[in-house]
Structure formats: structure tokens, C-alpha cells
Amino acid sequence: MASFLNEGVLNNKSLLVLILDVTPMAWGERELRRKVSDQKRAASSKPSIGPARLSSDLLPAVVTFLLAYASLHRENCAIVIAVAGDETAVVYPRKGGPIPKASMVNMVNDPPEMSGTKIDARTLHDLIHLGVAELVFRATEKAEKVATSVNSDNNVHKPCDGAAIAAALSLALCCINRFVTSAMGGPVSSAELLLKRRDDEGVLSMIEGRTNDKSSDVSSSEHNIRAARGVPSSRILILQATEDRTKDYNALMNCTFAAIKNEILIDGCFFPVGTGKKETSTFLEQACDRTGGVFLAPTGQAQVEGALTEVLVAVFLPSNQARIQMNLPALSEVDFRARCFETGESVDIAFVCNQCLSIFKSKPVDRCLTCGERVSAPA
């Protein structure tokens with residue numbers, strides 16, 4: 001146990017990318033439900049049972065969680081990406097922020113005078129709140145313009161429900177790649193690793209969980225090189241409040257396969273509204289299951305009165321190595337059934353686009369709803 005603590009936990013710095021879903025429509029609905037529920041329960045002197053509020057529950061919990069994460073290792077680094085509808089933005093660290101030289105490179109190799117200041121409490125709090133406020137304002141303004149256009153022109157497509165989680169996840173992977181490349185002083189023999197890949201190391205083998213000795217050796221060699229150069233291990237935490245976007249499934253799974261290839265864990269926390277029905281994110285469950293991450297959907301009092309902070313710290317704070325010794329929540333069942341990209345319904349027989357492989361319960365009229373490719377009539 002002593003060896004594990006010394007080598008596996010204390011000496012391993014890490015990079016955490018936190019994706020925060022702040023879609024105004026979703027949190028506005030939660031605010032209304034919370035207000036009505038609290039008024040009814042206050043009349044009976046009962047405590048609140050949620051759902052969580054963005055400003056008073058989620059953001060304070062996120063800031064506290066990141067500060068706790070910073071305390072695990074003085075070299076830990078964090079990046080926060082906010083997503084609201086179709087809008088995504090890196091809110092921490094912020095370009096042109098108050099911390100001098102707060103670039104991605106300096107987060108990896110900071111000068112002596114900035115040692116131990118990679119995550120500053122005041123800066124973290126201010127930048128997250130400022131970035132979220134600006135993103136929410138921009139998303140709300142865009143939604144109002146689109147709504148006006150839809151009302152005036154029936155030919156304008158209505159905006160998609162949910163948030164662009166796939167786009168935010170892609171941005172997170174790009175940030176991690178830039179971070180790792182900066183830490184190593186350049187790419188790690190990407191061409192050589194590609195040449196060594198065998199036919200059974202592609203997407204199908206990832207889905208089925210197949211591995212072979214050679215791929216394990218290559219992965220282990222790359223892992224050892226990164227560890228020797230002091231490159232931090234990476235993981236992504238997604239805090240989602242909106243329903244899945246069916247059209248983003250392909251993009252999300254491609255990001256998941258990229259995360260598997262680069263040994264990046266994806267953790268997921270979904271916030272149910274509290275309608276009484278089973279609420280979850282099937283796509284997020286699949287991403288967590290494939291990468292070996294943790295998925296949780298806290299409900300009721302677990303979302304309010306500071307309980308959300310306890311949930312984040314207790315479940316998602318432990319490092320990749322420490323989790324081996326812990327009894328964390330595990331997914332007993334993950335739904336991998338094919339789903340229609342238009343309706344989200346599970347299907348056994350469906351139409352598949354030959355360009356983007358999107359799945360549809362009914363044959364699209366004229367063009368594919370995902371990639372826009374024209375649907376040709378059968379010969």
C-alpha cells in the first residue's frame with residue numbers, strides 16, 4: 001500500500017478537462033421547477049429536493065471541486081470548457097486573463113516564480129463565473145434571433161434541442177493533445193505508431209474490446225515515454241444537464257474512440273430534472289463505459305444544499321490510480337442498441353446513410369438529416 005501511495009498517487013500529476021453544460025433553456029426549466037417545489041415543501045417545513053440551480057448549486061460545487069483537485073498535486077492543471085446550446089468556449093484558463101503568461105505552454109512548464117500557482121482560487125472563481133455569464137448571454141441572444149427567424153420564415157430550420165457536447169468533447173481532446181505535445185516538446189512518433197497498428201486495432205476492435213500483445217506493447221511503450229518525460233495523465237469530466245443530441249452520436253463516439261487510443265478517461269455526471277421518469281444520457285453512459293470512467297446521475301437532495309459538492313469530490317476527485325483501491329459507482333447495464341438519429345428511438349431495422357452512416361427509422365426525404373447528402377432513389 002505504501003508503494004502504491006508513493007508511486008501511483010503522490011508522484012503523478014494530472015490534467016483535468018471539465019466540460020460544463022450551461023444551456024439556458026435547461027437551467028431555466030430547473031429554476032422554475034425548483035421554485036414551485038420549494039414553495040410547496042416550505043409550507044410543510046420540508047427541505048428542498050432540487051433540482052439544482054446553476055448559479056447557487058452547480059458553479060460553487062465546480063469551483064470547490066477544482067480547488068480540491070488542485071490540492072492533490074502542486075503540478076495538477078485544469079481546463080474548463082463551457083457549452084450552451086451550439087456555443088462552446090474555454091472559460092478557464094482565459095486568453096488575456098489576469099495571471100501573467102497564462103498560456104497552455106506555461107501551464108505545463110511554468111517559471112519558478114509561478115510554481116504551485118497553476119490553479120489560483122480567486123482567478124478560477126472569477127473566470128468561470130464571467131465566462132459562463134458571457135456564454136449564456138451569447139447563447140440566449142442567438143436563440144432569440146433564431147426564434148424570430150423561424151416565426152417570420154417557415155423555411156428556416158428550428159434549432160436542435162440539447163447541447164453540443166460532442167463539439168465540447170472534441171475541443172477537450174484538442175486541448176489535451178496541445179498540452180501533451182507542449183509537455184513533451186513535440187509529437188511522440190505518431191507516424192511510427194500508425195505503421196505498427198494492425199488491422200484488428202481499429203474502431204471495431206475498440207467496440208468489441210479486443211486487444212493484442214503488440215498493441216499493448218506499443219501503448220505501454222508510449223505510456224512509459226510520457227511518464228519518463230513528466231507528462232501528466234489526462235481525464236475528462238462531463239457535467240451534462242440537457243438531453244442527448246441524436247445527430248451528434250457519430251461525432252461523440254469518434255471522440256470516445258480517440259480518447260481510448262490516447263488512454264484518456266471520460267467521467268460523466270448527468271443532472272436529472274426530477275420529472276419522476278428515468279432520466280439519463282445514453283450517449284454519455286456509453287462514452288464512460290468504453291473509456292473506463294465513472295457515470296453518475298444524482299437526484300433529489302444530492303443536488304442541493306452543498307450535497308453536489310460532496311458528490312463531485314467523493315466520486316470524481318480520485319485519480320486514475322487511486323480508483324483501483326476504491327468502490328466507486330459502476331454501470332450495471334449500458335444500452336448499446338442502435339437509435340434513430342432523428343427521433344432517438346431504438347430500432348432493429350433501419351435505413352443507413354452511405355456517406356455518414358447515420359441511422360434512421362424512416363427513410364429521409366430528399367437529403368440525409370445529418371450530412372445533407374442527397375438520397376438517391378433505388379434503381
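Relevant structure appears above.
What counts as what
- Along each chain, residue indices are assigned from 1 in the same order as the chain's sequence is written.
- Totals for whole chains, interfaces and linings use all residues, but because this is a predicted model, local features are given only for residues with pLDDT of at least 70 and pairs of side-chain atoms are given and counted only at 80 or more.
- Remark: hydrogens and water are excluded; side-chain values derive from all non-hydrogen atoms of the structure.
- The buried label applies to any residue whose accessible area, calculated with a 1.4 Å probe on protein chains only, is under 20% of its type's maximum; exposed applies above 50%, and partly exposed to all values in between.
- Strands are runs of DSSP state E lasting at least 2 residues, helices are runs of H or I lasting at least 4, and numbering of each runs from the N terminus.
- In what follows, a contact means two residues having at least one pair of non-hydrogen atoms within 4.5 Å.
- The pairing criterion is simple: DSSP has to find at least two bridges between the two strands.
- Helix axes are fitted only over the stretch in contact, all axes being lines through C-alpha atoms; the angle between N-to-C directions runs from 0 to 180 degrees.
- The term salt bridge refers to a pairing of a side-chain nitrogen on Lys or Arg with a carboxyl oxygen on Asp or Glu at a separation within 4 Å.
- To pair, rings of Phe, Tyr and Trp, with the six-membered ring standing in for Trp, must have centres within 6.5 Å; the planes then decide the type, stacked if under 30 degrees apart, edge-to-face if over 60, and tilted in the middle.

Chemist: Tell me about helix 12 (residues 307-316), and please be specific about residues and values.
Modeler: Burial of helix 12 is extensive: seven of the ten residues sit out of reach of the surface. Among the structural elements, helix 3 (54-72), strand 4 (233-240), strand 5 (265-270) and strand 6 (295-296) are those in contact with the buried residues of helix 12.

Chemist: Give me the lowdown on the environment of Glu 373, citing residues and values where you can.
Modeler: Inspection of the secondary structure assignment puts Glu 373 in the segment after strand 8 (359-360). When its relative accessible area of 38% is taken as the criterion, Glu 373 is described as partly exposed. Sequence-distant contacts of Glu 373, that is, excluding residues within four places in its chain, are made with Gln 355, Asp 366, Arg 367 and Cys 368.

Chemist: Talk me through the sheet that holds strand 1 (residues 14-21); I want residue IDs and the actual numbers.
Modeler: Across the sheet, six strands lie side by side as 3-2-1-4-5-6; this open sheet has mixed pairing. At either end of the open sheet lies a strand with only one pairing partner, and these are strand 3 (87-92) and strand 6. Alignment of strand 5 against strand 6, held across two bridges, turns out to be parallel. Looking across to strand 6, one finds that Cys 269 is bridged to Leu 296. Of the strands in this sheet, strand 1, strand 2 (77-84) and strand 4 are in contact with helix 3, which crosses strand 1 at around 175°. Lying on the sheet, helix 11 (residues 282-291) is in contact with strand 4, strand 5 and strand 6; it crosses strand 5 at an angle near 150°.

Chemist: Now, about the pattern of salt bridges: what can you tell me, with residues and values included?
Modeler: A pair can form between side chains of opposite charge whenever their charged atoms are brought close. Counted under the stated rule, the structure contains 13 salt bridges. Across the salt bridge formed by Asp 86 and Arg 245, the nearest N and O atoms sit 2.5 Å from each other. Taken together, the residues Asp 86 in the loop between strand 2 and strand 3 and Arg 245 in the loop between strand 4 and helix 10 (249-261) connect sequence positions 159 residues apart. With relative accessibility at 8%, the residue Arg 245 sits in the buried group. Across the pair Glu 87 and Arg 138 runs a salt bridge whose closest N-O atoms are separated by 3.2 Å. Residue Glu 87 is found in strand 3, and its partner Arg 138 is found in helix 5 (residues 121-152); the two are separated by 51 residues along the sequence. When its relative accessible area of 17% is taken as the criterion, Glu 87 is described as buried. Residues participating in the shared-partner salt-bridge network are Glu 31, Arg 34, Asp 38, Arg 53 and Asp 57.

Chemist: Outline the packing of aromatic side chains, listing residues and values.
Modeler: The tally for this structure, following the rule as stated, stands at two aromatic pairs. Ring centres of Trp 27 and Phe 271 lie 6.1 Å apart, and the angle between their planes is 55°; this geometry places the pair in the tilted category. Taken together, the residues span a long stretch of sequence, with Trp 27 in helix 2 (residues 24-43) and Phe 271 in the loop between strand 5 and helix 11 at a distance of 244 residues. Neither residue differs from the other here; Trp 27 and Phe 271 are each classed as buried. On the numbers, 4.8 Å between centres and 55° between planes, the contact of Tyr 249 with Phe 283 is tilted.

Everything listed here is a matter of geometry and, on its own, says nothing about what the molecule does.
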